[in-house]
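Working through the structure, step by step
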Amino acid sequence: MDATSEHSNIKIQQIIDQLSDKPGALLPILHEVQHAFGYIPANAIEPIAKSLKQTAAEVHGVISFYRHFHTTKAGAHRVEVCRAEACQARGSRALEAHIKESLDIDYHQTTADRNITLDPVYCLGNCSCGPNIRVGDDIIGRVSNDKFDKVVNALSTSALEIK
Amino acid sequence: MTTTVYVPRDTTTLSLDGNQVASDISALANQQDKSIKLVRNGSRGMFWLEPLVEVETDKGRVAYGPVQPEDVESLFAADFTNASFDAHSTQQHALFLGLTEEIPYLKKQQRLSFAKAGVIDPTDLDDYIAHDGFKGLAKALQLEPQGIVDEVSASGLRGRGGAAFPTGIKWQTVLNCPPQQKYIVCNADEGDSGTFADRLLMEADPLALIEGMTIAGLAVGATQGYIYLRSEYPQAHIILNEAIARAYDRNFLGDAICGSSKTFHMEVRLGAGAYICGEETSLLESLEGKRGLVRAKPPLPAIEGLFGQPTIVNNVLSFGAVPHILADGGEVYASYGMGRSKGTLPFQIAGNVNRGGLVELAFGTTLSALLEEFAQGTANGRDMHSIQVGGPLGAYLTKDQWDTPLEYESFAAIGAVLGHGGIVVFDDTVDLAEQAQFSMEFCVEESCGKCTPCRIGSVRGTEVIGKIRSGENVDANLALLDDLCETMIDMSLCAMGGMTPFPVQSAMKAYQAQLGSQTQLSDQNPSVEGR
């Protein structure tokens, strides 16, 4: 959904109205907004702050504290690579290098075709079967360089199909 | 005749094409007019065999694994739904493993908390009840609150999140607070690398967690529970929500639980990728909708916890042990284990191992025994060199330490921690100075920033180890690093800064030993360059 449209403001308000009565509502609201738009658009901050009787700075402070929340639009797919020890013990450092080289980006960057955004993650809880990556909500285990290339190819194909 | 076929739906299975296997089996059964009932169970925790496909027979369930989508056709060709038990039969499919419960990896375990994992359909209440589910709750509903707490105290259960604080004392503290709004909070922010026991329980037997939290609510007079789940566990999120909804439908949650006068509500709240939120006070801040900054203690969360109210904060596995404790009695649970470490711990064998997975055993076994009986070598065939136990804040242990009994006090005595039971194996190519530096980097990344030793100390620590690694004033920088570690241990507000030195110092010590042996080697053999 385009986050700057009139429609998006309605959607943001709907999410706020649905959740603001919960105790400690801020994280649930931020999760829902990110779920709807893929990130937390700047125009969401004021209405969230207002409904929770907080300042925009406080809301922004919470967003920036958590790695999971993003304030810029990502590529079509978010790929997270586990950097933690159990994956390191199974060769994730070499995989990381391959991923960055083959996509030609570093962490927190998006490929030129806007297809893939690359992020680090610290443990996906699949520590017997590393190295692990997460693509959207799918966790993929025992990722070799070849397997990663195949995953990326499939992502590129599906992105074209959507168009 | 309809045959029941099981394909797990846990994260590990799905990460290895489990959904494809399940849908291929359905499709082929349809095509061949075979009547099967496909159950998506949880994993049994033998991750090296996932996707593990099981088939119900009159002698029990038989297993095939690891099954990949390309194996499905051959399974049907071998008529896998009519398994023969003759292990020597030449007709048998190559992936046939015999009766699941007879697989040594599973048979050698002492499963209490994970008894139902992989056995039942995780969100099917009837299946749960048929396997002794809700017996603990039924017992709790007959007891006074003090009676429930006494049972938990008698079990000797200690917090399974890592801190190992006696659960009974925590519950007693909350019970002793005058009646008011109290909360039950489950710490499901399992951020330690090398751990997945919480995830496995939530994905394979979520109703056990729900039952344990409900019992806690009855014990202290709390009517609201929250499961604080890390956002890195999307599959656990789906399964937990499904299980909670079904428990509400059948009145195991909500008002008038099971026809009693008791009320307990529960919901899942998602974290957002902050390791520090596994620290209980930071978790509470996060639940309240704030930055996850650590609080100074006292006040204890048991007295002033969530929204300033008395709160039990326990790990998934602590709550998960409670139904068994209530159903069979605290004394039975306490009969397992050694010393002050009572009961069982699910050890999580991870990293570079051949057979990784979850192994629930009584406290007191050793790393050597676990590795020999279960892990069976490294995945790449190299020698095991060092093992990080207890997550990213746990020490790296070298071979001379692998016979230490796996229980809290013995580990503390060697400057190590058992933590949440994660065991990460590294082979002999590990660069321990690099690992030490990573531990500091991780602290930089994850520090909440509230106290200086953690926030600044970790940055300086990363730099100093960098200098040591590049050979710059090595002795002086090693002394500086020691000094820095001492400051972090003594002055940090919580375990993040206070325990980061554990992996750092143990890894640096092992690194120097490695260097020493390499130097000796180069003295003996001039053709090998000293580093």
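Residues numbered from 1 in each chain as written. Chains lettered and ligands numbered in written order. Predicted model: local features only at pLDDT ≥ 70, side-chain atom pairs only at ≥ 80, totals over all residues.

1. A short note on the overall build of chain A
For the record, the criterion: Each helix is a run of DSSP H or I of at least 4 residues and each strand a run of E of at least 2, with the numbering of both proceeding from the N terminus. Any residue pair is listed as a contact if its two C-beta atoms, each placed from the backbone, are within 7 Å.
Regarding its fold elements, chain A presents seven helices and five strands. Helices (α) and strands (β) of chain A occur, in sequence order from the N terminus, as α-α-α-α-β-α-α-β-β-β-β-α. Counting only C-alpha atoms, chain A reaches 50 × 35 × 20 Å along its principal axes. Relative to all contacts within chain A whose residues are 6 or more apart in sequence, the contacts with residues 24 or more apart total 60%.

2. Considering the packing of helix H10 (residues 206-220) of chain B against helix H11 (residues 234-249) of chain B
Residues and elements named next belong to chain B. What counts here: Lines fitted to the C-alpha atoms define the axes, with helices restricted to the stretch that makes contact. Angles between their N-to-C directions range from 0 to 180 degrees. Roughly parallel refers to an angle under 35 degrees, roughly antiparallel to one over 145, roughly perpendicular to one between 65 and 115, and oblique to any angle outside these ranges. Should the near helix be turned counterclockwise from the far one by less than a right angle, the crossing is left-handed, whereas a clockwise turn marks it as right-handed. Under this grouping Gly is polar, as are all residues other than the nonpolar Ala, Val, Leu, Ile, Met, Phe, Trp, Tyr, Cys and Pro and the charged Asp, Glu, Lys and Arg.
For the pair H10 and H11, interaxial distance at closest approach is 9 Å and the crossing angle is 60°. The angle between H10 and H11 falls in the class oblique. At the point where H10 passes H11, the crossing takes the right-handed sense. Residues Pro206, Leu207 and Ile210 of H10 form the contact with H11, whose own contacting residues are Ile239, Leu240, Ala243, Ile244 and Ala247. Counted by class, the contact of H10 with H11 contains eight nonpolar, no polar and no charged residues.

3. Digging into the environment of B:Glu407
Residues and elements named next belong to chain B. Selection rule: Three exposure classes are used. Buried residues have 20 or more other C-beta atoms within 10 Å of their own C-beta, exposed residues have 12 or fewer, and partly exposed residues fall in between, all C-beta atoms being placed from the backbone.
You can see glutamate 407 is positioned in the loop between strand S15 (396-398) and helix H16 (408-413). In this structure glutamate 407 comes out as buried when scored by C-beta crowding, with 21 C-beta atoms within 10 Å. A sequence separation of 69 residues divides glutamate 407 from methionine 338, and the C-alpha atoms of the two residues are 7.4 Å apart. Those residues in contact with glutamate 407 that lie beyond four places of it in its chain are Met338, Gly339, Ser341, Phe363, Gly364 and Leu418.

4. Some points on the environment of B:Thr223
Residues and elements named next belong to chain B. Mapped onto the secondary structure, threonine 223 falls in the loop between H10 and strand S7 (224-229). With 16 C-beta atoms counted inside 10 Å, the residue threonine 223 sits in the partly exposed group. Once residues lying within four places of it in the same chain are set aside, the contact partners of threonine 223 are Gly217, Thr263, Phe264 and His265.

5. Topic: the interface of chain B and chain A
Taken together, the contact between chain B and chain A spans 47 residues of the former and 34 residues of the latter. Where the side of chain B that touches chain A is concerned, the elements lending two or more residues are helix H1 (11-15), strand S8 (265-270), helix H12 (280-287), strand S12 (344-351) and strand S16 (422-427) of chain B. Residues belonging to the side of chain B that touches chain A are distributed by class as follows: 22 nonpolar, 18 polar and seven charged.

6. Notes on the domain arrangement of chain B
Residues and elements named next belong to chain B. What counts is decided by this rule: Boundaries between domains were set according to an automatic or database domain assignment.
When cut into domains, chain B gives domain 1 (3-107), domain 2 (125-335), domain 3 (338-427) and domain 4 (432-524). For domain 3 and domain 4, the distance between their C-alpha centres works out to 22 Å. Facing the 10 residues of domain 3 at the interface are 12 residues of domain 4. Mapped onto the side of domain 3 that touches domain 4, the elements with two or more residues apiece are strand S14 (384-389) and S15. Tallied by class, residues from the side of domain 3 that touches domain 4 come to five nonpolar, five polar and no charged.

7. Some points on the confidence of the model for chain B
Residues and elements named next belong to chain B. Inclusion rule: Per-residue confidence from the predictor is reported as pLDDT, which spans 0 to 100.
Summarising the model, chain B shows a mean pLDDT of 95, and 96% of its residues fall at 70 or more. The model gives residues 522-531 a pLDDT under 50, and that stretch makes seven contacts with residues more than four places away or in other chains. ipTM for the predicted complex: 0.95, alongside a pTM of 0.95.

8. Focus on helix H17 (residues 432-446) of chain B
Defined as follows: In this scheme, a helix's expected span is set at 1.5 Å multiplied by one less than its residue total.
The terminal C-alpha atoms of H17(B) lie 21 Å apart, and with 15 residues this matches the ideal 21 Å at 1.5 Å per residue to within 8%. Of the positions making up H17(B), those classed as buried are B:Leu432, B:Ala433, B:Gln435, B:Ala436, B:Gln437, B:Phe438, B:Ser439, B:Met440, B:Phe442, B:Cys443 and B:Glu446.

9. Here's the deal with unusual backbone geometry
The amide bond that connects B:Glu50 to the next residue, B:Pro51, takes the cis arrangement and shows omega of -5°. Inspection of the secondary structure assignment puts B:Pro51 in the loop between strand S2 (36-39) and strand S3 (53-57). Positive phi values are uncommon outside glycine, yet A:Asp104 reaches one of about 60°. Looking at the secondary structure, you find A:Asp104 in the loop between helix H6 (92-103) and strand S2 (109-110). Here A:Asp104 falls in the exposed class, since 9 other C-beta atoms lie within 10 Å of it. Of note in the backbone geometry, B:Ala164 takes a positive phi value of approximately 60° without being a glycine. Inspection of the secondary structure assignment puts B:Ala164 in the loop between helix H7 (145-155) and helix H8 (167-176).

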